[in-house]
Amino acid sequence: MPGARPHRPPLLLGAGVGALAVGLTTLLIYPLADVAPVTSLGVVYLVSVLLVSSVWGGGLGVATAFASAAAFNWFHIPPTGRFTIRDGEHLVALVIFLITAIVVSQLAERGRQRAQEAQERRREADLAAEMARLLLRGERLGDALPLVARRLAQTLELPSAALELRAVDGDERRAALPLHEGPRQIGTLLVPATLPEPVLGRLQLRVVPSLEALLAAGREREALLNDVVETAALRRSDVLKTALLRSVSHDLRSPLTAILTAVEAVASPGISAGEHGELTADMRTEALRLSRLIDNLLDLSRLEAGAADPRVEWCAVDEIVYAAIENLGLPEGTFTLSVDASLPPIRADAAQLERAFANLLENGARHGAGHPVSVRIRDVGRRILMRVVDRGPGIGRAQAERIFEPFFRAGTDGHPGSGLGLAIARGFIEANGGRVWVESLPGQATAFVVELPLEAVPAERVAT
C-alpha cells in the first residue's frame, strides 16, 4: 500500500548474514595479504556492507560497517589480537575505511529507497491506467465504481475500499477522503479508519488527485453520452412527427376534400336522384376511409406508448376474420375464404385481432390487381396459421424488410395508403402472442402469414 515498505527478510536473518559475511571476508584477507598490503585490503569488507545495506537497510549496514572495522583491526592490523593501533598509518587507514563503509551503507540505503519509490510510482501509474479504463469505458459511471474500488484495494493492498459519487462522512470504521472537481465535491473514497496516518497521507497525496481527475472525466463523458442519447431520441421523435404530419396532411385532406366536394354537389338544386345516390355513397366511402385512418392513428399511438394491453378471452379466429371483412364494406367476392372445419378457439383480444386482420385484408384488396384475395386458415397442431394471399405485383426483398415499419409505403403499384396498417397489424398480433411475416418476390403473389398460438381448451368450454 502507499507509504508501506516492501516486505524484507527478518532483521535477525540480516544480522546473521552480516556476521557471516564479515567472518568470510576476514578469512579471505589472509591469503590476499600475500599479494597486497594489509592496509589496502579493508575495501574488501565493503562488499558485506553493500549486501546488508541493499537488503536490510542503512541501520544494519552501519552496524555491519562497525563490525567490519572491528574485525579488520582485531585480525589484520598490527598488533593483532587486540584493539590497539601502534602505527598512525594503520589508524588513518581504519578511520578512512570506517567512514567509507558508512557512506557506502547510506548510499546503498538511498538507492534502495529510490528503487522502492520507483516501484510504487509504477504501481500507481498502472493503477491510474486501470482506473481510467474502467471509469471511461462504460456508459454508466456508477456501474464501474465497485470494480474500481476493488482494483484499488487489491493493488494498494488495502483491507477494503469503496467509492461513492456523493459526499459521505467518515465514522469509526471508515475514513472518508473527499474527491473534488474545483470547489465542488464529486465523490468520496472510503478506506478503513485503522490505516496508519502515513498511509492515509500518501493516499491523499498520490491517489486522490488522479482519482479526482478520472471521476471528473467520467462524469463529463456520461453527461455527453446522455446528451447524445437524448439528441438521438429527439431526432427520432422529430422524424416520426414529420412523417405523421406528412401522412396526416395528405391522407386526411383527400377524404375531407372528397366529402366537401360531394356535399356541395348534393346541395346543388339541379342534381338528379341518381347522382344524389352516387354522391351519398361516395361520402359514405370517404367517411369510412377517414374513420379508418383516424382509428389507425389512435391504434399506432397506443402501440408506440405501450398502452395496447390485450383483453384476453376465448374467441374464434374465423369469426374475427368474418367480422373484419364485414366492417371493411368491400364488394362481395373481394375475398375467398378457406377455413378448417372445427377450428379450435384461441385466447386473445378479439377487437385487436379484428383491427389487425382488417388492415391485412384491406392491404391485400388494395394491391391485388382486381383479383380476389385468398384467405386460408389452418390448424397446424399447436398453432393456427392464416395466409392472406393477393395476386399483385409482389414486393422486393429490400422493401419486404421494411414493410411493417410505420409510414413506410412500398410504392410498387401507385396505390394510396398511409403506411400505418401493416405496422398496426404486426403490433396487435405480437401483443396477442403471435407473429406475422411476408412472403413475396417481385412479379409474384404476396402472402402475409399470421401465426397464433393455441392453448389447451378448458373442459367446461369444450362441453359447451
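All figures in this text were calculated on a predicted structure; none of them were measured in a lab.

About the cut-offs
- Residues numbered from 1 in each chain as written.
- Predicted model: local features only at pLDDT ≥ 70, side-chain atom pairs only at ≥ 80, totals over all residues.
- Heavy atoms only, no water.
- Helix = DSSP H or I, 4+ residues; strand = E, 2+ residues; numbered from the N terminus.
- Buried < 20%, exposed > 50% of the residue type's maximum accessible area, 1.4 Å probe, protein only.
- Contact = heavy atoms within 4.5 Å.
- Pairing = 2+ DSSP bridges.
- Axes fitted to C-alpha atoms, helices over the stretch in contact; angles between N-to-C directions.
- Expected span 1.5 Å × (residues − 1).
- Parallel < 35°, antiparallel > 145°, perpendicular 65-115°, else oblique.
- Left-handed = near helix turned anticlockwise from the far one by under 90°.
- Nonpolar A, V, L, I, M, F, W, Y, C, P; charged D, E, K, R; others polar.
- Polar contact = N/O pair within 3.5 Å; in protein donor to acceptor, adjacent residues only side chain to side chain.
- Core = buried A, V, L, I, M, F, W, Y, C linked by side-chain atoms within 4.5 Å.
- Salt bridge = Lys/Arg side-chain N within 4 Å of Asp/Glu carboxyl O.

(A) View of the side chain of Thr 26. Along the polypeptide, Thr 26 turns up in helix H1 (residues 11-32). Looking at Thr 26, the relative accessible area reads 5%, which means it is buried. Residue contacts for Thr 26: discarding those within four places in its chain leaves Tyr 45, Ala 71, Phe 75 and His 76.

(B) Local environment of the sheet that holds strand S3 (residues 184-192). One open sheet holds the 3 strands; their spatial order is S1-S3-S2, and the pairing between them is antiparallel. Each edge of the open sheet is held by one strand with a lone partner, namely strand S1 (162-164) and strand S2 (174-181). Each strand of the sheet is rotated relative to its neighbour by a mean of 20°, with strand direction disregarded. Pairing of S2 with S3, which is carried by 8 bridges, proceeds in the antiparallel orientation. Bridge pairing links Leu 177 to Leu 189 in S3.

(C) Region of interest: helix H9 (residues 317-328). Taking 1.5 Å per residue, 12 residues should reach 16 Å; H9 reaches 17 Å between its end C-alpha atoms and fits that length. One or two positions beyond H9, positive phi appears at Gly 329, with a value near 65°.

(D) Geometry of the packing of helix H2 (residues 45-56) against helix H3 (residues 58-76). Between H2 and H3, the least distance of the axes is 8 Å, while the angle of their chain directions is 160°. Put simply, H2 runs roughly antiparallel to H3. The interaxial crossing formed by H2 with H3 has right-handed handedness. Between H2 and H3, the contacting residues are Tyr 45, Ser 48, Val 49, Val 52, Ser 53 and Trp 56 on the first element and Gly 58, Leu 60, Gly 61, Thr 64, Ala 65, Ser 68, Ala 71, Phe 72 and His 76 on the second. Across the contact of H2 with H3, the residue classes break down as 8 nonpolar, 7 polar and no charged.

(E) Structural context of helix H10 (residues 350-367). Spanning 18 residues, H10 covers 26 Å between terminal C-alpha atoms, matching the ideal 26 Å at 1.5 Å per step. Burial analysis of H10 places 13 of its 18 residues in the buried class, which makes it a mostly covered element. Capping of H10 at its N-terminal end is provided by Asp 349; its side-chain oxygen lies 3.0 Å from the backbone amide nitrogen of Ala 351. After H10 finishes, the residue Ala 369 shows a positive phi value of roughly 55°.

(F) Spatial organisation of the nonpolar core. Within the largest apolar cluster, 42 residues are counted, with the highest numbers of intra-cluster contacts made by Val 317, Val 321, Phe 357 and Leu 361. The biggest single contributor to this core is H10, with 7 residues. Once residues lying within four places of it in the same chain are set aside, the contact partners of Val 317 are Leu 343, Ile 346, Phe 357, Ile 377, Ile 384 and Leu 452. Counting residues in hydrophobic clusters, the runner-up holds 30 residues, among them Ala 144, Leu 145, Leu 177 and Leu 200.

(G) Spotlight on unusual backbone geometry. The residue Ser 342 is not glycine, and still its phi comes out positive at about 55°. You can see Ser 342 is positioned in the loop between strand S5 (335-339) and strand S6 (346-348).

(H) Inspection of the sheet that holds strand S8 (residues 383-390) at higher detail. Taken in spatial order, the 5 strands line up as S5-S7-S8-S10-S9 in an open sheet, and their pairing is mixed. Lying at the two open borders of the sheet, with one neighbouring strand each, are S5 and strand S9 (435-440). Taken over all neighbouring pairs, the strand axes of this sheet differ in orientation by 15° on average, direction set aside. Here 5 bridges tie S5 to strand S7 (residues 373-379), and the two strands are oriented parallel to one another. Following the sheet pairing, Val 339 is matched in S7 by Ile 377. In the packing of H9 onto the sheet, contacts are made with S5, S7, S8 and strand S10 (446-453), and the angle to S5 comes to roughly 170°.

(I) Geometry of the environment of Ala 365. Residue placement: Ala 365 occurs in helix H10. Taking relative accessible area as the criterion, Ala 365 reaches 26% and is therefore assigned partly exposed. With residues up to four places along the chain from it excluded, the contact list for Ala 365 reads Leu 330, Thr 334, Phe 335 and Val 373.

(J) View of the packing of H10 against helix H12 (residues 421-431). Remark: H10 packs on H12, axes separated minimally by 8 Å, with the N-to-C direction vectors making an angle of 145°. Handedness of the H10/H12 crossing: left-handed. Listed contacts from H12 to Gln 352, Leu 353, Arg 355, Ala 356, Asn 359, Leu 360 and Asn 363 of H10 are Gly 421, Leu 422, Ile 424, Ala 425, Phe 428, Ile 429 and Ala 431.

(K) Examining the pattern of salt bridges more closely. Enumeration over the complete set of coordinates arrives at 9 salt bridges. Linking Arg 347 and Glu 455 is a salt bridge whose minimum nitrogen-to-oxygen distance equals 3.6 Å. With a gap of 108 residues between them, Arg 347 in strand S6 and Glu 455 in the loop between S10 and helix H13 (459-463) connect regions that are remote in the sequence. Residue class for Glu 455 comes out partly exposed when judged on its relative accessible area of 45%. Residue Arg 387 is joined to Glu 439 by a salt bridge in which the shortest nitrogen-to-oxygen separation is 2.9 Å. Taken together, the positions of Arg 387 in strand S8 and Glu 439 in strand S9 put the pair 52 residues apart, joining distant regions of the chain. One network of salt bridges, in which partners are shared, links Arg 383, Arg 435 and Glu 451.

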